[in-house]
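What the coordinates show
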Amino acid sequence: MERKGIDVSQYQGKIDWELVKYQGIQFAMLCSGIGCRKDNQLYQNGMGAVSNGIPIGIYHCGQAANADEAFREAEFCLKSIQSIPVCYPVAYDCSRLWHLGMDQEQINGVCSAFAMKVKLEGYFPSIFDFSHRWNQGLKMCSEHCCARWVADYQIEPPDIVQPYTIWQYSCTGRVAGVPKNVGLNLCYRDYTDFSIDVCELGNQE
């Protein structure tokens, strides 16, 4: 069953989460920050969404140049969300790393380090990137039961051969209650079912 969701950060400003709920939004992915800088709206967004019955996940915008830095980013992210009830994935947005001169192996190592720490703390790990980068060789850290969050705005469904759990199909969507453009997503797994093991949850086949 598809679930409609949005992803937001401090860029969207103050959000009316009650109004967002009325638009049929069923989950929200919230930015925790970039690198080791916290998103200014993280707590407000988290409490606003949850208080209106919208389950939340997290995405962290990566800047790590190696696995050690990625591990520290994961620690920072996890500390930032300690007071927020998260049941959807904690995702690492590695899309910026391609502009840092890193090769495929380095990026895979960074993603694996972040996912490992997230899973050790009991969250669902996920990696976010565009479909063409998955197709070019971005690998899934399967040993950490890590799910794919795929962005593809041109093709429906996404042009990717690997399974995935969340699809971001627009970054310029409009939802009443959100002052600015917002990411629009579909999720294909019920992350609110706590009887399901993280590894059994997996990706969409």
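Being a predicted model, the structure only gives us computed values, none of them experimental.

1. Some remarks on the overall build of the protein
What the protein contains, in helices and strands, is 6 helices and 9 strands. Here the protein has a C-alpha radius of gyration of 16 Å; the compact-globule value for 205 residues is 17 Å, and the two agree. A principal-axis box enclosing the C-alpha atoms of the protein has dimensions of 45 × 35 × 35 Å. Within the protein, buried positions represent 55% of all 205 residues. Residue pairs at least 24 apart in sequence account for 63% of intrachain contacts in the protein once pairs closer than 6 positions are excluded. Split by element, the accessible area of the protein, about 9,400 Å² in all, is 49% carbon and sulfur. Counting 17 positive and 23 negative side-chain charges, the protein places the centres of these two groups 6 Å from one another.

2. Comments concerning the packing of aromatic side chains
Throughout the structure, instances matching the rule amount to 10 aromatic pairs. Here the aromatic rings of Phe 27 and Tyr 88 are separated by 4.8 Å at their centres, their planes lie at 5 degrees, and the arrangement is stacked. With Phe 27 in strand β2 (residues 27-34) and Tyr 88 in the loop between α3 (67-80) and β5 (90-93), the pair connects residues that are 61 residues apart, well separated along the chain. As far as burial versus exposure is concerned, Phe 27 and Tyr 88 are alike and both buried.

3. What about the environment of Ala 28?
Within the secondary structure layout, Ala 28 lies in strand β2. Residues Ala 28 and Lys 4, spaced 24 residues apart in sequence, show a C-alpha to C-alpha distance of 8.7 Å. In this view, Ala 28 contacts Ile 6, Trp 17, Ile 54, Pro 55, Ile 56 and Gly 57; residues no more than four positions away in its chain are not counted.

4. Overview of the pairing of strand β8 (residues 166-173)
Bridge count between strand β7 (residues 147-151) and β8: 3 bridges; the pairing is parallel. When the sheet's bridge partners are listed, Val 150 is paired in β8 with Trp 167. As judged from the 5 bridges shared by β8 and strand β9 (residues 182-187), these two strands associate in the antiparallel manner. Bridging across to β9, Ser 170 finds its partner in Leu 184.

5. Brief notes about the packing of α3 against helix α4 (residues 104-120)
Relative to each other, α3 and α4 sit at 35 degrees, their axes nearing to 8 Å. Remark: the crossing between α3 and α4 carries right-handed chirality. Where α3 abuts α4, its residues Ala 67, Ala 70, Phe 71, Glu 73, Ala 74, Glu 75, Cys 77 and Leu 78 lie against Gly 109, Val 110, Ala 113, Phe 114, Met 116, Lys 117 and Val 118.

6. Comments concerning α4
Here α4 contains 17 residues, and its C-alpha end-to-end distance of 24 Å stays within 8% of the 24 Å for a straight helix at 1.5 Å per residue. For α4, the complete set of buried residues consists of Ile 107, Asn 108, Val 110, Cys 111, Ser 112, Ala 113, Phe 114, Ala 115, Lys 117 and Val 118. Of the surrounding elements, those touching the buried residues of α4 are β4 (56-61), α3, β5 and β6 (125-130). Measuring from the side-chain oxygen of the N-cap residue of α4 to the backbone nitrogen of Glu 105 gives 3.2 Å; that N-cap residue is Asp 103. After α4 finishes, the residue Gly 122 shows a positive phi value of roughly 95 degrees.

7. Looking at the pairing of β4
Counting buried positions along β4 gives 6 out of 6 residues, so the element sits mostly inside the fold. Burial along β4 is two-sided: the face carrying Ile 56, Ile 58 and His 60 and the face carrying Gly 57, Tyr 59 and Cys 61 are both buried. Judged from the 6 bridges that link them, β2 and β4 form a sheet pairing that is parallel. Opposite Met 29, over in β4, you have Gly 57 as the bridge partner. Where β4 and β5 come together, 4 bridges link them in parallel fashion. Along β5, the bridge assignment pairs Cys 61 with Asp 93. Taking the sense of rotation as the criterion, the β-α-β connection linking β4, α3 and β5 turns out right-handed.

8. Some details on the pattern of salt bridges
Enumeration over the complete set of coordinates arrives at 4 salt bridges. Asp 190 is the salt-bridge partner of Arg 3, the closest N and O atoms lying 3.7 Å from each other. Placement of Arg 3 in strand β1 (residues 3-8) and of Asp 190 in the loop between β9 and α6 (198-201) is noted, with a sequence separation of 187 residues between them. The class for Asp 190 is partly exposed, based on a relative accessible area of 26%. Glu 121 serves as the salt-bridge partner of Lys 117, at 3.1 Å between the closest nitrogen and oxygen.

Calculation notes
Residues numbered from 1 in each chain as written. Predicted model: local features only at pLDDT ≥ 70, side-chain atom pairs only at ≥ 80, totals over all residues. Heavy atoms only, no water. Helix = DSSP H or I, 4+ residues; strand = E, 2+ residues; numbered from the N terminus. Rg over C-alpha atoms; globule rule 2.2 N^0.38 Å. Buried < 20%, exposed > 50% of the residue type's maximum accessible area, 1.4 Å probe, protein only. Contact = heavy atoms within 4.5 Å. Areas by Shrake-Rupley, 256 points an atom, 1.4 Å probe, with all protein chains shown as cover. Lys, Arg positive; Asp, Glu negative; His and termini not counted. Charge placed at Lys NZ, Arg CZ, Asp CG, Glu CD. Phe/Tyr/Trp six-rings, centres within 6.5 Å; stacked < 30°, edge-to-face > 60°. Pairing = 2+ DSSP bridges. Axes fitted to C-alpha atoms, helices over the stretch in contact; angles between N-to-C directions. Left-handed = near helix turned anticlockwise from the far one by under 90°. Expected span 1.5 Å × (residues − 1). Polar contact = N/O pair within 3.5 Å; in protein donor to acceptor, adjacent residues only side chain to side chain. Right-handed = clockwise from strand over helix to strand, strands pointing away. Salt bridge = Lys/Arg side-chain N within 4 Å of Asp/Glu carboxyl O.

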